[in-house]
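Given next are the chains, with one letter for each unit.
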Amino acid sequence: MSVQQSAESGESGGAGERGEAGPERRARPGAGTAVTEGAGGAAPGAAGAPGQSEEKAGRPRKKRPFWQELPILVVIALLLSLGIKTFFVQAFSIPSGSMEQTLAIGDRVLVDKFTPWFGAEPERGEVVVFRDPGGWLEGVPTDSGGSVSGTVQKVLSTVGLMPSADEKDLIKRVIAVGGDTVDCEAGAPLKVNGMALDEPYLFPGATPCDDDPVGTVTVPKGKLWVMGDHRNNSRDSRWHHNQTGDGFVPVDNVVGRAFVVAWPVSDWSTLPVPGTFDKVPAGAAGAAGSPVDEPPAPAAAALAGIVPLALWQRRRSAREAVSGRVSGRRAR
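Figured I'd write up the structure that's included with this text. (Residues numbered from 1 in each chain as written. Predicted model: local features only at pLDDT ≥ 70, side-chain atom pairs only at ≥ 80, totals over all residues. Heavy atoms only, no water.)

If you tally the helices and strands in the chain, you get 7 helices and 12 strands. Within the chain, the fraction of its 332 residues that count as buried is 29%. Considering only residue pairs separated by 6 or more positions, the chain has 72% of its internal contacts joining residues 24 or more positions apart. (Helix = DSSP H or I, 4+ residues; strand = E, 2+ residues; numbered from the N terminus. Buried < 20%, exposed > 50% of the residue type's maximum accessible area, 1.4 Å probe, protein only. Contact = heavy atoms within 4.5 Å.)

This is the structure in structure tokens:
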């Protein structure tokens, strides 16, 4: 492409009308170095410039062969994929039936890892992926990864091009958060903070708590109570609580929230929070604070006694100050 430069001056219109004066104007030193089209000549020192510009523009730019560009494109794609997987969205595959009928074996879900960077914490009703709190995956058969397909799966999942094959991740539904009280009795609906949950997401025929009742449990601050949607086929917080007295998942272990079933196409669906959780009243952490944060009775009694004493001392000091000022005036 040739770029044509032109300069306009207050006398440019007159140069065309006074054709005889053109050479003299060009001969005078200090005259304009650019000449508009139709002025009848070129500026000194600029001879050949238009030809050089056209020659450069006419020369085709040498293009790299595709085999040289391909590795660069692959590296860029891998870096973008790794960045997205690390900070934004990651795919996970479902290895078991503990979340049926919401999630089937072999489903691929996309997990939001972005919002936790802004301090967002899991809420009741969300389906979350979390790291094993310790002992949850004992006895579960794992793939050694020695085969070629296992190695390829591991490499591609590392950069985010395939669902994660990490055997240390689990997926469950958050039932209660820190400060909440869970009532899980046989023959009764599951209750959170005294409200019975309507659970249409349960696997057909599954009971809320019949196969693994735990009674009444209060979730500690910074922990979660999670359960599978296929209650009769899920080793969740109930089972581990009965085994170890714990069963809680630390909030810091949560990788992110699963928000959509991406594959197979026939199972595509979003994973919204069921409306029943919107009606759950706030627990101890969402009301006046957790009982753990309240001062013990002796400390509270001492505090109640100190406040009136401090007020009385302050009033006494004020009266003494006023009395002192009055005495000083009389002494004068």
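What follows concerns the state of the cysteines. Scanning the entire structure with this criterion turns up 1 disulfide. The disulfide that involves Cys184 links it to Cys209, with 1.9 Å between the sulfurs. One quick way to see it: the torsion about the S-S bond of Cys184 and Cys209 is about -115°, and its sign makes the bridge left-handed. Placement of Cys184 in strand β5 (residues 181–184) and of Cys209 in the loop between β7 (195–196) and β8 (215–218) is noted, with a sequence separation of 25 residues between them. Residue classification places Cys209 among the buried positions, given a relative accessible area of 0%. (Disulfide = S-S within 2.5 Å.)

Another aspect to go through is the environment of Arg231. Here Arg231 lies in the loop between β9 (223–227) and α6 (237–244). Sequence-wise, Arg231 and Asp210 are 21 residues apart; in three dimensions their C-alpha atoms are separated by 8.8 Å. Beyond its immediate chain neighbours, meaning those up to four positions away, Arg231 contacts Ile175, Leu190, Glu199, Tyr201, Leu202, Ala206, Thr207, Pro208, Asp211 and Arg238.

With that settled, consider the sheet that holds strand β6 (residues 191–192). A sheet is described by the order of its strands in space; here 4 strands give the open sequence β7-β6-β5-β8, paired in antiparallel fashion. Edge strands, defined here as strands with exactly one partner in the open sheet, are β7 and β8. When β6 meets β7, the two strands line up antiparallel, connected through 2 bridges. The residue bridging Lys191 from the neighbouring strand is Ala196, located in β7. (Pairing = 2+ DSSP bridges.)

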